[in-house]
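A look at the structure
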Amino acid sequence: MLLDIFFVIVGFAALLLGGEFLVRGGVATARKLGVRPLIIGLTWVAFGTSAPELMVSIQALLTGHADIVMGNAIGSNIANILLVIGFSALIIPISGASLRLRPQASFLLGFTFIFGCFSLGGTFIWYHGLVMVALLVAYLYKSFQREKPDAIEQTRLSDEISDNLGALKKVSESSALPIIFMVGGMALLLLGAHFLVDGAVSVARKMGVSEAVIGLSLIAVGTSLPELATSLIAAVRGHMSLAVGNIVGSNIFNLFGVVGITSLIGLVPVPVEVITIDLWVMGGATIGLCGLMLIGCAITRSAGAGLFILYAVYMYHLWVR
């Protein structure tokens with residue numbers, strides 16, 4: 001058991017470090033290529049913080065532990081809203097972030113509804129994945145078209161992204177450091193996913209709990225650590241739009257990117273207990289967050305405490321179950 005726990009810890013550490021390197025390299029490469037920093041930065045923020053979920057899900061599917069895929073995706077979305085947003089609001093109340101993110105909130109509601117309808121079928125297969133990935137690409141394209149700030153706003157937001165993620169601000173034209181970061185980050189993600197899945201599955205068997213529960217709890221929390229770190233840093237620095245937008249973008253990618261891409265590789269079953277309980281918890285949390293964003297309501301410290309308590313209750317119920 002101690003060796004399995006060690007593998008889980010090593011896996012988490014490799015995932016965190018790999019995601020950070022991947023984002024650093026992506027932002028620095030964008031600067032070198034002259035691509036619009038805001039667009040590339042936001043793309044890599046969403047992908048970088050959700051890359052651990054994707055790698056873990058693919059590794060789980062290929063090694064015959066498919067129940068972890070749905071637990072990881074749904075559990076990560078629940079953790080992102082109740083844990084990450086709740087904890088961030090406890091540190092700094094989240095206000096003034098809703099107006100610019102109303103379109104994204106609407107997209108998240110729509111995507112969650114579609115995902116829920118697909119889940120009721122009991123299995124995600126290739127054509128579900130094809131539809132989901134196509135809709136994700138369309139969403140990204142639409143977001144890029146909508147997001148056309150003036151030069152001053154673009155520079156300010158680009159600097160916020162670089163500051164929050166610790167990206168390299170100046171990289172010489174001949175430097176290979178960004179490519180090394182990206183390749184090294186991907187390698188660490190693959191290695192971390194391997195250790196995490198193997199260790200978590202072994203722990204689940206020895207504790208007598210299902211792989212779906214491990215995915216919903218241990219793996220979901222671990223793969224949500226990049227979102228927690230990014231949102232906490234953004235909240236502390238007063239960048240509320242980034243703090244909330246990070247969660248909205250990551251949740252969309254978790255559903256249509258992680259599950260969509262994984263279902264293109266093989267069949268992804270949806271455990272019955274996930275359909276009857278956890279899917280509805282995710283839906284309720286999503287509706288609550290998006291509702292606050294759509295009406296422009298701030299997420300106060302008391303609201304953050306309430307979200308945090310709800311997550312603690314959910315985790316207690318999950319393990320008792």
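The paragraphs below set out a description of the structure included in this document. This is a predicted model, so every value here is computed, not measured. (Residues numbered from 1 in each chain as written. Predicted model: local features only at pLDDT ≥ 70, side-chain atom pairs only at ≥ 80, totals over all residues. Heavy atoms only, no water.)

**Things to note about the overall build of the protein chain**
- Per the secondary structure count, the protein chain includes 12 helices and two strands.
- For the protein chain, with 321 residues in total, the buried portion stands at 53%.
- Considering only contacts in the protein chain between residues 6 or more positions apart, those separated by 24 or more positions represent 89%.
- Surface exposure of the protein chain reaches about 13,300 Å², of which carbon and sulfur atoms provide 73%. (Helix = DSSP H or I, 4+ residues; strand = E, 2+ residues; numbered from the N terminus. Buried < 20%, exposed > 50% of the residue type's maximum accessible area, 1.4 Å probe, protein only. Contact = heavy atoms within 4.5 Å. Areas by Shrake-Rupley, 256 points an atom, 1.4 Å probe, with all protein chains shown as cover.)

**Focus: the layout of surface pockets**
- By volume, the second largest pocket amounts to about 260 Å³.
- Taken together, Leu109, Thr112, Phe113, Gly116, Cys117, Leu120, Leu279, Trp280, Met282, Gly283, Gly284 and Ile287 make up the full set of residues lining the second largest pocket.
- Taken together, the elements giving at least two residues each to the lining of the second largest pocket come down to α4 (102–119) and α11 (272–294).
- The biggest single contributor to the lining of the second largest pocket is α11, with six residues.
- Each residue belonging to the lining of the second largest pocket can be placed in one class, and the counts come to eight nonpolar, four polar and no charged. (1 Å grid on protein atoms, 1.4 Å probe; cavity = no way out; pocket = protein on both sides within 12 Å on 5 of 7 lines; lining within 4 Å. Points joined across faces, edges and corners; volume = space filled by probe spheres on them. Nonpolar A, V, L, I, M, F, W, Y, C, P; charged D, E, K, R; others polar.)

**Comments concerning the side chain of Ser263**
- Among the structural elements, Ser263 can be located in helix α10 (residues 240–265).
- Residue class for Ser263 comes out buried when judged on its relative accessible area of 1%.
- Among all residues touching Ser263, those that are not within four sequence positions of it are Phe124, Ile125, Trp126, His128, Gly129 and Val268.

**Section: the environment of Met55**
- Here Met55 is to be found in helix α2 (residues 37–62).
- Placed 203 residues apart in sequence, Met55 and Val258 show a C-alpha to C-alpha distance of 8.4 Å.

**Thoughts on the packing of helix α3 (residues 67–91) against α11**
- For the pair α3 and α11, the least separation of the axes is 9 Å and the interaxial angle reads 35°. Crossing angle aside, the handedness with which α3 passes α11 is left-handed. Each of Ile74, Asn77, Ile78, Ile81 and Leu82 in α3 lies in contact with α11, whose residues at this interface are Val274, Asp278, Leu279, Val281, Met282, Ala285, Thr286 and Leu289.
- In terms of residue class, the contact of α3 with α11 is built from 10 nonpolar, two polar and one charged. (Axes fitted to C-alpha atoms, helices over the stretch in contact; angles between N-to-C directions. Left-handed = near helix turned anticlockwise from the far one by under 90°.)

**Some thoughts on a nonpolar patch on the surface**
- A cluster of nonpolar residues, Leu62, Trp126, Tyr127, Leu130, Leu264 and Ile265, forms a patch on the protein surface that exposes about 660 Å² of accessible area.
- Among the elements of the structure, α5 (126–146) and α10 are those that each provide at least two residues to the nonpolar patch.
- Take the nonpolar patch: its biggest share by element is three residues, from α5.
- Assignment of secondary structure puts Leu130 in helix α5. (Patch = residues over 30% accessible without salt bridge, like charges linked within 9 Å, V, L, I, M, F, W, Y side chains within 5 Å. Salt bridge = Lys/Arg side-chain N within 4 Å of Asp/Glu carboxyl O.)

**Focus: the packing of α4 against α11**
- Between α4 and α11, the shortest axis-to-axis distance is 9 Å and the interhelical angle comes to 165°. It follows from the interaxial angle that α4 and α11 lie roughly antiparallel. Seen from above, α4 lies across α11 with left-handed handedness. On the side of α4, the interface is formed by Arg102, Ala105, Ser106, Leu108, Leu109, Thr112, Phe115, Gly116 and Ser119, while α11 contributes Ile275, Leu279, Met282, Gly283, Thr286, Ile287, Cys290, Met293 and Leu294.
- Class assignment of the residues belonging to the contact of α4 with α11 gives a composition of 11 nonpolar, six polar and one charged. (Parallel < 35°, antiparallel > 145°, perpendicular 65-115°, else oblique.)

**Points about the packing of aromatic side chains**
- In total, this model carries nine aromatic pairs according to the counting rule given.
- Ring geometry for Phe87 and Phe308: centres 6.1 Å apart, planes at 40°, overall tilted. One end of the pair, Phe87, is in helix α3; the other, Phe308, is in helix α12 (residues 301–320), and 221 residues separate them in sequence.
- Judged by relative accessible area, Phe87 falls into the partly exposed class, the value being 31%.
- Ring geometry for Tyr311 against Tyr314: centres 6.3 Å apart, planes inclined by 40°, an arrangement best described as tilted. Of this pair, Tyr311 and Tyr314 both sit in helix α12, three residues apart, which is roughly one turn of the helix. Comparing Tyr311 with Tyr314, the two get one shared label, buried. (Phe/Tyr/Trp six-rings, centres within 6.5 Å; stacked < 30°, edge-to-face > 60°.)

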